[in-house]
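# Analysis of the macromolecular model
Here is what each chain is made of, one letter per residue.
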Amino acid sequence: MGKYRNGITLAKVAAEAGVSPGAASAVLRNVHHGRIRVSQEAAERVRSAAEKLNYRPSAASRAMSSRRTKQIGVLLPNRSGHEGTSPMSFETILGINDGLQPFGYIMTLVRMHDILGELSEESRIFREQAIDGIVVLGALPDGVRPWLESRFEHIVWCDSNVWKPENCIRRDETNAGRLTAGKLLDAGYDRILWADTPFTGNDHYSKYERRAGVAEAAVRLGAKLSEMSISDNFTWDPAAMDGTAIVAGSHPAAEQICLSAMRAKRAPGKDFSIAGCDDPHFTSWTWRRLSRVEFNRFSMGRNAAAMLLQLLEEEDTTPAPSVRLGGAWIDGDTIKQKQA
């Protein structure tokens, strides 16, 4: 039974509030389901009693009684030597945490290189089964998916290359590509230039889906589609690119294109048009003008948390159907209406 250093137990809190220990436990663990139903008035008495007695639950005792640690792992898509390669996961992580907190779960970050090689045997998270389930973010190296599935019963794949009928959530990037290309074609262009870093064969799903969506829009609207590879030494070619309509496959590609254009004294929305398929949160700080598709990564994280909680908390443990989240168009000023 939960106990703090001052000797206050859950039974004492229950007695003070005039309820059963089971009811007090349900209130203090913020459990919203199950056989125990507690009225709002009784719940307030329990919380007041806990505060009055300075009761603090014991995580160890709770884990022993429930056979759960109340901790959830969130796997970050980085690797040894590149610990800071997942800044765009931050918004999603905040959403996951926001979805877990009301149910008393603690979020534990797990780095990708913690599960690669011998490091996985040294981590307490895996050696001691310290988490009840895991949310996996991003693309995975070969062999990681079966490793995870052999160790965790409850997994949600969030914005990941894994896609199954259930327990997966990702952005609808194909529609993002269609939407972005459509906006440029609506501005009067009959040719679209797809611009992004080269494909490597092990890219994030979003890259393939965005490209497919752009191609689909071009075919449907009878436009010509060409491609351009963006690298660190990319140089603006006025003869080939002035007056063009560019779909940037990623935010870094859009930045590289426009920096090169500025060096050539060309301005987006004036000398050429450009639109992005994605809107990381920092775009609103660093480049609010960019015409682009916006995805709510915070909401995606909350949805991922809800999926995992359904597996862990609900009496009916039917897996949640997989979901593709739609994006919204942000009107910037980087699309120039083409003159007839």
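Just so it is clear, the model here is predicted, and its values are computed rather than measured. (Residues numbered from 1 in each chain as written. Predicted model: local features only at pLDDT ≥ 70, side-chain atom pairs only at ≥ 80, totals over all residues. Heavy atoms only, no water.)

This part takes up the overall build of the protein. Summing up its helical and strand segments, the protein has 14 helices and twelve strands in all. In the protein, once contacts between residues fewer than 6 apart in sequence are set aside, the share between residues at least 24 apart is 70%. Put simply, the protein shows about 17,400 Å² of open surface, and 50% of that area lies on carbon and sulfur atoms. (Helix = DSSP H or I, 4+ residues; strand = E, 2+ residues; numbered from the N terminus. Contact = heavy atoms within 4.5 Å. Areas by Shrake-Rupley, 256 points an atom, 1.4 Å probe, with all protein chains shown as cover.)

Before going further, it helps to spend a moment on the packing of helix 1 (residues 10–17) against helix 2 (residues 21–28). Running from N to C, helix 1 and helix 2 point in directions that differ by 100°, and their axes come no closer than 8 Å. One way to sum up the angle between helix 1 and helix 2 is to call them roughly perpendicular. For the pair formed by helix 1 and helix 2, the contact residues are Leu10, Val13 and Ala14 on the first element and Pro21, Ala24, Ser25 and Leu28 on the second. Among the residues forming the contact of helix 1 with helix 2, the class breakdown is six nonpolar, one polar and no charged. (Axes fitted to C-alpha atoms, helices over the stretch in contact; angles between N-to-C directions. Parallel < 35°, antiparallel > 145°, perpendicular 65-115°, else oblique. Nonpolar A, V, L, I, M, F, W, Y, C, P; charged D, E, K, R; others polar.)

It is worth spelling out the pattern of salt bridges at this point. This model, assessed by the stated rule, comprises 18 salt bridges. For Glu44, the salt bridge is made with Arg47, and the minimal N-O distance between the two is 3.1 Å. One end of the pair is Glu44 and the other is Arg47, both in helix 3 (residues 40–53) and three residues apart, which spans about a single turn. Residue class for Glu44 comes out partly exposed when judged on its relative accessible area of 41%. Linking Glu173 and Arg210 is a salt bridge whose minimum nitrogen-to-oxygen distance equals 3.0 Å. (Salt bridge = Lys/Arg side-chain N within 4 Å of Asp/Glu carboxyl O. Buried < 20%, exposed > 50% of the residue type's maximum accessible area, 1.4 Å probe, protein only.)

Another point: the pairing of strand 9 (residues 273–276). What you see with strand 9 is no split at all: Ser273 and Ala275 on one side and Ile274 and Gly276 on the other are buried throughout. As paired strands, strand 8 (residues 245–248) and strand 9 are joined by four bridges and run parallel to one another. If you follow Ile246 over to strand 9, its bridge partner there is Ile274. In the classification by handedness, the crossover that spans strand 8, the intervening helix 12 (residues 251–263) and the parallel strand 9 is right-handed. Of the pairings in the sheet, the one linking strand 9 to strand 10 (residues 291–294) comprises two bridges and is parallel in character. Directly across from Gly276, in strand 10, lies its bridge partner Arg292. (Pairing = 2+ DSSP bridges. Right-handed = clockwise from strand over helix to strand, strands pointing away.)

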